[in-house]
Amino acid sequence: MDNQYTLGIDYGTLSVRTVLMNCTDGEIAAVSSMAYPHAVMDQVLPDGRTMLPANWALEYPDDYLEVLEHTVREVMDQSGIRPEDVIGLSIDFTSCTMVAADENKRALCSLEEFRSRPHAYAKLWKHHGAQDEADEINEVLTELGLIHQPRYGGAVSPELLLPKILEILHDDPQIYERASVFMEAGDWLTWNLTGKLKRSGNMAAYKAWWTPEEGYVPQQVLEALDGRLKDLIPCKLRGEICPAGGCIGTLTEEWAARLSLRSGIAVGAGIIDAHAGMPGSGIYRPGQLMLVLGTSSVELLLSDRPYADHGVMGNVRGAIMPGYYSLEAGLAAVGDMYGWFVDGLVPEAYAQRAREKGMNLHQYLSALAQELRPGASGLLALDWWNGNKTPYVNGDLSGVLMGLTLQTRPEEIYRALIEANAFGTRMIMEEFMKSGAVVDEVIVSGGIAQKNPFVLRVFTDVLNRPVRISASDQTAAVGSAMYAAAAAGVEAGGYATVADASRALARLKEEVYEPDPEHAQIYDDLYALYKEAVSVFDPKVKGILKSLKTMRK
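What comes next is a walk through the structure. Only a predicted model underlies this, so the values are computations on that prediction, with no experimental measurement involved.

When helices and strands are tallied, the protein shows 20 helices and 21 strands. Taken over C-alpha atoms, the radius of gyration comes to 23 Å for the protein, in line with the 24 Å a tight globule of 553 residues would show. The principal-axis extent of the C-alpha atoms belonging to the protein is close to 65 × 55 × 50 Å. Within the protein, the proportion of its 553 residues that are buried is 61%. Within the protein, contacts between residues at least 6 apart in sequence are counted, and of these 74% link residues at least 24 apart. On the protein, roughly 20,600 Å² of surface is accessible, and the fraction owed to carbon and sulfur atoms is 49%.

Structural data, given as C-alpha cells:
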C-alpha cells in the first residue's frame, strides 16, 4: 500500500494550524496556518457599534469555516499529495468554545436579525461573562449536596458549557429559544463536514459534565436553576456521543470539493486542543506530566484512578487516551501575562537595548533575568491575571505582585511572573498526586517551550523533575492527525487506537533539562510563600480581589 496521510486541524485562540501527516513515519508533508479574520472580539461586535461588557471574549463562527477551507487546500497544494492518499481528518479546538446554531447548521450570528446580538456569537473558552451564572450553579450544587461529586470537581468555572448557556437564557432569552442546538465549536465543525449531529465525548466529559454511566447533569439541577432549562438536554444538547479516537462520519461531497479532498474519508471526533497534544507529545503512559505553555497552559496526567477537586477534572475513563483517566487542570494566563508586561510596562530604554542586541524584548528580559539568583529580587506574584483555575476556579480573581521597591527592575518582575506560573503548575502537579498518581518526568510543548529556554529552566527547578520537549512545534495538530488515523482504522492505513499511533509516530527532542539542586531548594522555600499568599487571597476568606473587580465593573 502507498503511504497514507491524515490531516490534523488545530483551532487555537487566534488562528488555525493544519498539518498533513504521513501515517507510516509521522513526517509532516505540509503545514498551513491562518488567523481568524475577525480575531477575538472583546470590546465591540463587527457592526462597529455594539459594545461588549468587561470579561467577554467572542468569535465569529463562519471564520472557522473560512480558515478550514484555506489551510486544507493550501497543504494539499504545497505537498502534492493525491487526495486519494488522504484517509481522514480530525479537529481539535479550544474548549469550551460554544456555538448557538439553528437547525440548518448556521451560527445564529450569521443571520441578519442577530448580527448585533452579542449572545448570538461564539463564546470563546476564555469568555468570563458567565461568572455570575457559575456562582449560581455552585450555590445550587452545594444546596443539593452535589458540588464535591467527581464530575463537578468542587467548583464550577465560567468557562464551562452550562454557565454560558445559562448566561444566554438570563440575558437574551430570544437567542436561547431560537437556538436549535448549543454545541462545542469542534462539534459544530464536524456536523458541517459530515452532516452528522454527533458530539465529542472528550469535550462533553470535560466541559459539560457528561459521563457514559449517567449522561449530562441531573434534571433536578437544571430545574433548580431555571424551569426553562427542562428540555435543554433532549433538545438543545441532543446528539450521539462519540468517544475520543472514534469516527463521527465521513466527509460529504460538498466539503470534499471545498477542501480538495475525496468524499467518504473518516472525520474523527473533535478533541480539546491541549488534549490532542497528549498523543502528539508522545504521552501514552502514567508518570508523564504533559505541560502546554502558550497564551495559557494546560497540564495533563494519565492515571489509573479518577480524581476531581480544586479545579482538576478527570472522572471519565478513556476520555483522552483509551484505558486511562486523564487528569486535567491549567493556568488561565501564561504567555498572555508576559505579553501584557512586555507590551505595556517595560521602559523604552529596554526596547532600545534589545534592538541593539538583535533581540526582541522577551529574549532580552529573559537574558537579564537568568543572571538573577532565585529569590534575590524579593518578589512574589500570584499569576491570576485572567482568573484562577486551581485551586479556586474563579474568573473574578486577579493578579498580585508583592515585594516591590524603588529599586525593582523590569527583569526582576519578568522573572517573578515566570516563577508564579511555575509555582501554579507545581500546585496542580501536587493536586494530581493526591489521586495516587506519580510524576517522574515532564514533557513540554507549546510556543513558549520552543522559543524560551529560560522559562523551561525555571519550571524544571520549581517542579524538581526532568523536563523534555516535544520535537514538534505543532503538537496539537499532530495529535489531531493521530486521532484521524485512529478514526480511519487499520484497514484504511491508520491505527487501531490513538495510543498505537502515538507510540509509532510521536517524537521528543534529545535535550533533557535536569533540576539544579541548589535552585530547587530555594524554590521550595519560595513555593511555601506562594502557597501562603494563595491562602491569604482565598476568595472564601477575604474577597479583596473580587471586590476590586466589582468596583472596576
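Let us look at helix α16 (residues 453-463). Burial analysis of α16 places nine of its eleven residues in the buried class, the great majority of the element. Regarding α16, the residues found buried are F454, V455, L456, V458, F459, T460, D461, V462 and L463. Residue N452 occupies the N-cap position of α16, its side-chain oxygen lying 3.1 Å from the main-chain nitrogen of F454. N464 occupies a position one or two residues after α16 and carries a positive phi of about 55°.

Right, let's talk about the layout of surface pockets for a bit. Looking at the second largest pocket, its volume works out to about 790 Å³. Lining the second largest pocket are 26 residues, and of these D42, N55, K126, W385 and N386 lie nearest its centre. Elements with a minimum of two residues in the lining of the second largest pocket: α11 (335-344) and α20 (544-552). Here the lining of the second largest pocket is built from residues that sort into twelve nonpolar, nine polar and five charged.

This part covers the packing of aromatic side chains. Within this structure, the stated rule accounts for 17 aromatic pairs. Sitting above the plane of the Y176 ring, K236 keeps its charged end 5.1 Å from the centroid. The ring of Y350 is capped by R353, whose NZ or CZ atom sits 4.7 Å from the centre of that ring.

One pass over the structure, following the stated rule, counts 27 salt bridges. With a shortest N-O distance of 3.5 Å, R258 and E254 are connected by a salt bridge. Taken together, the positions of R258 and E254, both in helix α9 (residues 253-259) and four residues apart, correspond to about one turn of that helix. Taking the shortest distance from any N to any O, the salt bridge between D524 and R426 comes out at 2.9 Å. Of the two residues, D524 is situated in helix α19 (residues 517-536) and R426 in helix α14 (residues 410-433); the sequence distance between them amounts to 98 residues. We classify R426 as buried; its relative accessible area is 12%. Connected through shared salt-bridge partners, E69, E254 and R258 make up one network.

Rules used in this analysis
Residues numbered from 1 in each chain as written. Predicted model: local features only at pLDDT ≥ 70, side-chain atom pairs only at ≥ 80, totals over all residues. Heavy atoms only, no water. Helix = DSSP H or I, 4+ residues; strand = E, 2+ residues; numbered from the N terminus. Rg over C-alpha atoms; globule rule 2.2 N^0.38 Å. Buried < 20%, exposed > 50% of the residue type's maximum accessible area, 1.4 Å probe, protein only. Contact = heavy atoms within 4.5 Å. Areas by Shrake-Rupley, 256 points an atom, 1.4 Å probe, with all protein chains shown as cover. Polar contact = N/O pair within 3.5 Å; in protein donor to acceptor, adjacent residues only side chain to side chain. 1 Å grid on protein atoms, 1.4 Å probe; cavity = no way out; pocket = protein on both sides within 12 Å on 5 of 7 lines; lining within 4 Å. Points joined across faces, edges and corners; volume = space filled by probe spheres on them. Nonpolar A, V, L, I, M, F, W, Y, C, P; charged D, E, K, R; others polar. Phe/Tyr/Trp six-rings, centres within 6.5 Å; stacked < 30°, edge-to-face > 60°. Lys NZ or Arg CZ within 6 Å of the ring centre and 35° of its normal. Salt bridge = Lys/Arg side-chain N within 4 Å of Asp/Glu carboxyl O.

Nothing here speaks to function; it is all geometry.
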